[in-house]
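Below, each chain spelled out in residue letters.
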Amino acid sequence: MLKSETKLILEVCDLHANVEDQPILNGVNLQVYAGEIHAIMGRNGSGKSTLSKVIAGHPAYKITGGTIKFEDNNLLDLDPEERARLGVFLGFQYPIEIPGVSNLEFLRVSTNARREYEKKEELDTFEFEDFVQEKLKIVKMDPAFLNRSVNEGFSGGEKKRNEILQMALLEPKLAILDETDSGLDIDALRVVAAGVNKLATPNTATILITHYQRLLNEITPNYVHVMANGKILKTAGKELALQLEKSGYDWIEQISSNKEENQ
Amino acid sequence: MKTECLEWLEQLPSPDGVLASEQLIGRESLRNLGLPKKYSEAWRLTNLKRIEKILKLPLAQSNQYENSIDKNQWPEIPKDGVRIILNNETNYKTNLPNGIRFLSNDDIKETINLSHQSIDETNDWGVSVNKACNNKLLALKVDGLEEQSLEILIPSQKETLNPSRILLVLGKKAKLKLLQVIIGEGKSSNNNLIQIHLDEGSELNHGLICFGKNDSSLFTQACIKQNIDSKYELNAIQHGWSISRFEPRVFQQNGKAKTKLNGLQISSEKQQLATHSLVNFNGPEGELEQLQKSIAADQSHCIFNGAVKVPKEAQKTNASQLSRNLLISKAARIDTKPELEIVADDVKCAHGATISQLQEEELFYLRSRGIDSNQAATLLLKGYCQEIINNLPVAAERWQILNQIIENLNK
Ligand SMILES: Nc1ncnc2c1ncn2[C@@H]1O[C@H](COP(=O)(O)OP(=O)(O)O)[C@@H](O)[C@H]1O
Ligand SMILES: [Mg+2]
């Protein structure tokens, strides 16, 4: 791939982050170019969700070193809402339930916030209903979910579909999907994967955080990264995912600790 | 402190009208009670300075009524709806829908004297003040199987004390949606007593909106007596009073009735809003579902005291009480206290209370979708209030209370 010709969307450099004085990220480096799909894999607790939340701007994490560039912006200088308007999207591993707040209203307000930044016209309630009907088809979601409170009482799979619906509405440049596949049966997984494939374009990029090879059967990544202890240990092509499925994570951690000892 | 009460009693007009005997009772109790005292448990948290001010206000006069009330904010009456305005006329003349009628004076005498077993009136300051100075009564009876709806609007005149009283009787299997709206004006005080009798199998959906402004105060009691198989649902909202105290008291005469009490109080600036509820089960198989919510902003104070009494005869009672509160300022305060008195042994009684701040994870979720932090907080507050507001009778929508609440919180 000729990287010099494609656009660099996300550049994470030597990123360190703490939560309550506890280091969680210990020097993450990652470059994502337009048109690419990256997969990040790794054991539970290796820091994958933390990385995604730090990129989205979660206030619980303190950045102790490094930079995150998104196109020409220093993301670390921006509030979460500003990052979202620029086109950063995080599909949550555990989407939050918000009782009393109508899903439809929430989707409309957020869509308009992003559209305003993109200099697209604001959608009023009627226009938005048409717009959202279109996008519902992508995730095969029942319109009844629009009239409920945000994620309240949704099953695991329904919450994940609602995340992909938000992604479809916001049309982000960079979508980070944190274990969007976990808890889905194979049909739901295909729907979600089809949605992601449909929304990926040559000008956008996707980061999939996942445990399972099966999502990567549906969505082909350009790169697979393995995280451990708050770092990316190894990067390779999609064949790495198959190897991980067969042999687990031990061998990679082994190799990398040998490397560190030799240094 | 007693002398201030006595002075006030002295200047009241002599007892008169259909409530003359009630006035005598009220005055007698107040003579003994004096002003509320800090050392009594029920008033411990109350800002008593603000209470003293109330008795300094002159009684509202009917000839002042027209020019001292701001009608601009009243929404129009819905097409086939009925609104009764409690002004300062002694008789509230209105066309009533079929199925609702005024009680005759004889009926009133019979019903009003059935003193409410759950109130010890000699010990009740708010009720006694109302009785002592009020000579106006709206007394209605609802009959038949068709569901009726009604709006009762209770305005206040500026810089006066505004007492009013409602007696509402629902006959067997009668159904009513009642929206009661109390509005405060500059430096006024409003004191409303509503007494409700629900006969066998009747159903009342009672919405109560209490909106004060500009240093106004509110004392309001709702005394509900439920016969078996009746259903009572209350959704009460208090907002904007310098001081307010709402006292719903439900008495399940013979048990086996359903009671649902939802309350929402939203305080800001230096306001103090309080709800003191009492549910008394007097027979078996009664049900209670209670949810009280408060939002306290700025330097305000919200109080909830929820008493539930389950005596020996109230076996198989099923009661739950939940108090969920939001502190949105460091200088604000919330006090919440369940007061369960359970003697019967075969009962289910659950209760719980939480006080929290706006949830960081909820805020982040909204912000991560491009919604700025103020708007996100507003959405969350709206959602929090909606859980109660959505249950009000439909007619309440016209009052647009949620927008007013959010506007005031964002000031
Ligand atoms: N908000 C938090 N507070 C305390 N510990 C946290 C917090 N977020 C993450 N951690 C810790 O950081 C480590 C990495 O967690 P996480 O990023 O969720 O891992 P992964 O997504 O790879 O399973 C874990 O040990 C986790 O307990
Ligand atoms: Mg995770």
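Heads up: the structure comes first, above all this text.
Residues numbered from 1 in each chain as written. Chains lettered and ligands numbered in written order. Predicted model: local features only at pLDDT ≥ 70, side-chain atom pairs only at ≥ 80, totals over all residues. Heavy atoms only, no water.

Caption draft 1: Structural detail: the overall build of chain B. The helix and strand inventory of chain B stands at eight helices and 18 strands. A compact globule built from 411 residues should have a C-alpha radius of gyration of about 22 Å, and chain B, at 21 Å, falls within 12% of that. Taken along its principal axes, the extent of the C-alpha atoms in chain B is 65 × 50 × 50 Å. Put simply, 85% of the contacts in chain B that link residues at least 6 apart link residues at least 24 apart. Taken as a whole, chain B presents about 17,400 Å² of accessible surface, with 45% of it coming from carbon and sulfur. (Helix = DSSP H or I, 4+ residues; strand = E, 2+ residues; numbered from the N terminus. Rg over C-alpha atoms; globule rule 2.2 N^0.38 Å. Contact = heavy atoms within 4.5 Å. Areas by Shrake-Rupley, 256 points an atom, 1.4 Å probe, with all protein chains shown as cover.)

Caption draft 2: Fine view of the overall build of chain A. What chain A contains, in helices and strands, is nine helices and 12 strands. Its C-alpha atoms give chain A a radius of gyration of 18 Å, near enough to 18 Å, the size a compact globule of 263 residues would have. The dimensions of chain A, computed from C-alpha atoms along their principal axes, are 65 × 40 × 40 Å. Counting over 263 residues, chain A shows a buried share of 52%. Summed over its atoms, the accessible surface of chain A is roughly 12,200 Å², and 46% of this surface lies on carbon and sulfur atoms. (Buried < 20%, exposed > 50% of the residue type's maximum accessible area, 1.4 Å probe, protein only.)

Caption draft 3: Just the site of ligand 1, in detail. All names here are of chain A. Close to ligand 1 lie Val19, Ile24, Arg43, Asn44, Gly45, Ser46, Gly47, Lys48, Ser49, Thr50 and Tyr61, which account for all nearby residues. Between Ser46 and ligand 1, the recorded distance is 3.2 Å, taken from a backbone N or O atom to an oxygen atom. One nitrogen or oxygen atom from the side chain of Thr50 is found 2.5 Å from an oxygen atom belonging to ligand 1. For ligand 1, whose free accessible area comes to 560 Å², the fraction covered by protein is 61%. Tallying contributions element by element places helix H1 (residues 48-56) first for the shell around ligand 1, with three residues. Split by residue class, the shell around ligand 1 holds three nonpolar, six polar and two charged. (Near = heavy atom within 4 Å. Polar contact = N/O pair within 3.5 Å; in protein donor to acceptor, adjacent residues only side chain to side chain. Nonpolar A, V, L, I, M, F, W, Y, C, P; charged D, E, K, R; others polar.)

Caption draft 4: Layout of the coordination of the magnesium ion (ligand 2). All names here are of chain A. Donor atoms from the polypeptide that coordinate the magnesium ion (ligand 2) comprise Ser49 (OG) and Gln93 (OE1), at 2.0 to 2.2 Å from the metal. Placement of the pair is Ser49 in helix H1 and Gln93 in the loop between strand S6 (88-91) and strand S7 (98-102), with a sequence separation of 44 residues. In this pair, the class of Ser49 matches that of Gln93, namely buried. (Donors = N, O, S within 2.8 Å, 3.2 Å for Na, K, Ca; no water.)

Caption draft 5: Summary view of the sheet that holds strand S1 (residues 8-19) of chain A. Residues and elements named next belong to chain A. Strand order in the open sheet made by the four strands is S2-S1-S4-S5, with antiparallel pairing throughout. The open sheet has two edge strands with one neighbour each: strand S2 (22-33) and strand S5 (73-74). Where strand S4 (residues 62-70) meets S5, two bridges bridge the pair, whose relative direction is antiparallel. By the bridge assignment, Lys69 is partnered in S5 with Asn74. (Pairing = 2+ DSSP bridges.)

Caption draft 6: Region of interest: the interface of chain A and chain B. Between chain A and chain B, the residue contacts involve 32 residues of the former and 18 residues of the latter. Taken over both partners, the interface formed by chain A and chain B buries close to 2,100 Å², and the fraction arising from carbon and sulfur atoms is 65%. Counting across the interface, chain A meets chain B through three salt bridges. Where chain A touches chain B, the interface holds 10 residue pairs in polar contact (both at pLDDT 80 or more). Among the secondary structure elements, those contributing two or more residues to the side of chain A that touches chain B are H1, helix H2 (80-86), S6, S7, helix H3 (103-117) and helix H5 (156-170) of chain A. Taken together, the residues of the side of chain A that touches chain B break down into 18 nonpolar, seven polar and seven charged. (Buried area = accessible area lost by both parts, 1.4 Å probe. Salt bridge = Lys/Arg side-chain N within 4 Å of Asp/Glu carboxyl O.)

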